[in-house]
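Notes for the structure review
Here is how the chains run, residue by residue.
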Amino acid sequence: MGRLCEVFPIWDALTEGEQSVLTAAAVHRLVPGGTLIHDGGEECLGLLVVSSGWLRAFIMSEEGREITLYRLGPGEICLFTGSCMLKEMQFDIAIEAGEDSAYWVIPAPVYKDLMEHSTTLALYTNRLMAKRFSEVMWLMEQVLFKRFDVRLATFLLSEYQRSGTSHLPLTHDQIARHLGTAREVVTRMLKNFQQEGWVKLSRGSVDIIDGQGLRSLCATP
């Protein structure tokens, strides 16, 4: 398994004492893809540091519709699962393993105590919090002001960039869960994309055929 020192983003900037405290407190976990790690309730799970695979942070409506807020890969931290340490801030954000994944859990009280005594860790945490809020605000802007065809094209291109392959093993239901819409809406738009020659649809997957066509769509006002 990857050691905490290999994946914690600012490990070398911490003191030996701080490193020792984190090493002693952190617990390593392995989960198969699809595992719900945190259900968004009041439980304070602690901070998650991804060592392999990727995790999906999402929220769910009362009707059961999901929308992905952001995803975390190796070397990235999820603060919101330890939100009990953040004054007056509570977040009902669920975390799911997008594939077979491994991560470290740092107990929130341990991290909070270190942060109160380490300027380096406090500054890093504040920067990370600002980044996450920026990602959520960007998502809100997309949902509120962008047409769905543009949002779908943007998502497919981001998946292509993230995975490095034009073959995307995603079902229409999975895409709908990421984008916070109904599966039927995704299916209808993907069929339009296929008619344009931008994608090829197969059972359980989408292949990007014309990435430039999708990028041109994203560039439309």
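So, a few notes on the structure that sits alongside this text. (Residues numbered from 1 in each chain as written. Predicted model: local features only at pLDDT ≥ 70, side-chain atom pairs only at ≥ 80, totals over all residues. Heavy atoms only, no water.)

Description of the overall build of the protein
Scanning the protein from N- to C-terminus turns up 8 helices and 11 strands. The C-alpha radius of gyration of the protein comes to 19 Å, within 12% of the 17 Å expected for a compact globule of 221 residues. The C-alpha extent of the protein, read off along each of the three principal axes, is 60 × 35 × 30 Å. Partitioning the contacts of the protein with sequence separation of at least 6, the portion at a separation of at least 24 is 69%. Surface accessibility of the protein: about 11,700 Å² in total, with carbon and sulfur atoms responsible for 52%. (Helix = DSSP H or I, 4+ residues; strand = E, 2+ residues; numbered from the N terminus. Rg over C-alpha atoms; globule rule 2.2 N^0.38 Å. Contact = heavy atoms within 4.5 Å. Areas by Shrake-Rupley, 256 points an atom, 1.4 Å probe, with all protein chains shown as cover.)

Let's talk about the nonpolar core
If you look at the biggest cluster of nonpolar residues, it comprises 42 residues, and the most contacted ones within it are Phe8, Ile37 and Leu48. Counting 21 residues, the second largest nonpolar core, distinct from the first, contains Leu152, Ile175, Val199 and Ile208. (Core = buried A, V, L, I, M, F, W, Y, C linked by side-chain atoms within 4.5 Å. Buried < 20%, exposed > 50% of the residue type's maximum accessible area, 1.4 Å probe, protein only.)

Quick look at the layout of surface pockets
Empty space within the largest pocket amounts to approximately 530 Å³. If you go around the largest pocket, you meet 19 residues; those closest to its centre are Leu69, Tyr70, Arg71, Trp138 and Ser158. Listed by contribution, the elements that provide at least two residues to the lining of the largest pocket are β5 (66-72), α4 (119-145), α5 (148-163) and α6 (172-179). Of all the elements, α4 adds the most residues to the lining of the largest pocket, at 7 residues. When grouped by side-chain class, the residues that make up the lining of the largest pocket number 6 nonpolar, 6 polar and 7 charged. There are two domains that each give the lining of the largest pocket at least three residues, and those are domain 1 (4-144) and domain 2 (146-219). For the second largest pocket, the calculated volume is near 290 Å³. What lines the second largest pocket is a set of 19 residues, among which Trp54, Gly98, Leu170, Gln174 and His178 lie closest to the centre. If you list the elements that add at least two residues to the lining of the second largest pocket, you get β7 (94-97), α5, β9 (167-168) and α6. (1 Å grid on protein atoms, 1.4 Å probe; cavity = no way out; pocket = protein on both sides within 12 Å on 5 of 7 lines; lining within 4 Å. Points joined across faces, edges and corners; volume = space filled by probe spheres on them. Nonpolar A, V, L, I, M, F, W, Y, C, P; charged D, E, K, R; others polar. Domains from an automatic or database assignment.)

A few points about the sheet that holds β5
Spatially, 4 strands are ordered β2-β7-β4-β5 in an open sheet, and the strand pairing comes out antiparallel. Of all the strands in the sheet, just β2 (36-38) and β5 have a single pairing partner and so form its edges. Here the average twist between neighbouring strands, direction ignored, is 35°. Judged from the 4 bridges that link them, strand β4 (residues 55-60) and β7 form a sheet pairing that is antiparallel. By the bridge assignment for β7, Arg56 is matched with Glu96. (Pairing = 2+ DSSP bridges. Axes fitted to C-alpha atoms, helices over the stretch in contact; angles between N-to-C directions.)

Some thoughts on a nonpolar patch on the surface
Together, Met137, Met140, Val143, Leu144 and Phe145 make up an exposed nonpolar region whose accessible area comes to about 540 Å². Tracing the backbone through its elements, the reader meets Val143 in helix α4. (Patch = residues over 30% accessible without salt bridge, like charges linked within 9 Å, V, L, I, M, F, W, Y side chains within 5 Å. Salt bridge = Lys/Arg side-chain N within 4 Å of Asp/Glu carboxyl O.)

Some details on the packing of aromatic side chains
Evaluation of the coordinates by the stated rule reveals 2 aromatic pairs. Residues Phe8 and Trp11 carry aromatic rings whose centres are separated by 6.2 Å and whose planes lie at 70° to one another, so their mutual orientation is edge-to-face. You'll find Phe8 and Trp11 in the same group, each marked buried. Between the NZ or CZ atom of Arg56 and the centre of the ring of Phe58, over which it lies, the distance is 4.1 Å. Positioned above the aromatic ring of Tyr70 is the side chain of Arg132, whose terminal nitrogen or guanidinium carbon lies 4.9 Å from the ring centre. (Phe/Tyr/Trp six-rings, centres within 6.5 Å; stacked < 30°, edge-to-face > 60°. Lys NZ or Arg CZ within 6 Å of the ring centre and 35° of its normal.)

Topic: the environment of Gly180
Relative to the helices and strands, Gly180 resides in the loop between α6 and α7 (183-196). We classify Gly180 as partly exposed; its relative accessible area is 23%. C-alpha of Gly180 to C-alpha of Ala108: the two residues are 72 residues apart in sequence and 30 Å apart in space. Not counting residues up to four positions away in its chain, the partners in contact with Gly180 are Arg65, Glu66 and Ile67.

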